[in-house]
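Architecture at a glance
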Amino acid sequence: MKEIFEQYGGVIVTVIAIVALAAMITAIMGNGNSGPVYNAFQGLIDNFTTNAGLPTP
């Protein structure tokens, strides 16, 4: 086990970091019509159209 970590330790850490980053992005963005980013943009668009006097999409 020690030899594996000596030779591939950097690669293992890099792969774990990339997988963790992908999981965080998926959790933040959500699926389709869910997630905090979608809700924030939807609220922004609704607020803009209301203040501009446009019909709500």
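Above this text is the structure in question.
The structure presented is a predicted model; accordingly, all values stated were derived computationally and were not measured.

**Comments concerning the overall build of the chain**
- Counting its secondary structure elements, the chain contains 2 helices and 0 strands.
- A compact globule built from 57 residues should have a C-alpha radius of gyration of about 10 Å, whereas the chain, at 21 Å, is more than 25% larger.
- Across its three principal directions, the C-alpha atoms of the chain cover 65 × 15 × 10 Å.
- Within the chain, buried positions represent 5% of all 57 residues.
- Element-wise, carbon and sulfur atoms account for 70% of the exposed surface of the chain, whose accessible area totals about 4900 Å².

**Digging into a nonpolar patch on the surface**
- A cluster of nonpolar side chains, Met-1, Ile-4, Phe-5, Tyr-8, Val-11, Val-15 and Val-19, forms an exposed patch at the surface whose accessible area comes to about 740 Å².
- With respect to the helices and strands, Val-11 occurs in helix 1 (residues 2–29).

**Side note on helix 1**
- With 28 residues, helix 1 extends 38 Å from end C-alpha to end C-alpha; this agrees with the ideal 40 Å at 1.5 Å per step.
- At Tyr-8, helix 1 shows its maximal bend, which comes to roughly 75 degrees.
- In the stretch just after helix 1, Gly-30 is the one whose phi turns positive, near 75 degrees.

**Re the environment of Ala-17**
- You can see Ala-17 is positioned in helix 1.
- Residues Ala-17 and Phe-5 lie 12 residues apart in sequence; the distance between their C-alpha atoms is 16 Å.

**Some remarks on helix 2 (residues 36–52)**
- The first and last C-alpha atoms of helix 2 sit 24 Å apart over 17 residues, in line with the 24 Å expected at 1.5 Å per residue.
- Immediately beyond the C-terminal end of helix 2, within one or two residues, lies Gly-53, with a positive phi of roughly 80 degrees.

Rules of the game
- Residues numbered from 1 in each chain as written.
- Predicted model: local features only at pLDDT ≥ 70, side-chain atom pairs only at ≥ 80, totals over all residues.
- Heavy atoms only, no water.
- Helix = DSSP H or I, 4+ residues; strand = E, 2+ residues; numbered from the N terminus.
- Rg over C-alpha atoms; globule rule 2.2 N^0.38 Å.
- Buried < 20%, exposed > 50% of the residue type's maximum accessible area, 1.4 Å probe, protein only.
- Areas by Shrake-Rupley, 256 points an atom, 1.4 Å probe, with all protein chains shown as cover.
- Patch = residues over 30% accessible without salt bridge, like charges linked within 9 Å, V, L, I, M, F, W, Y side chains within 5 Å.
- Salt bridge = Lys/Arg side-chain N within 4 Å of Asp/Glu carboxyl O.
- Expected span 1.5 Å × (residues − 1).
- Bend = angle between axes of the 7 residues up to and from the residue.

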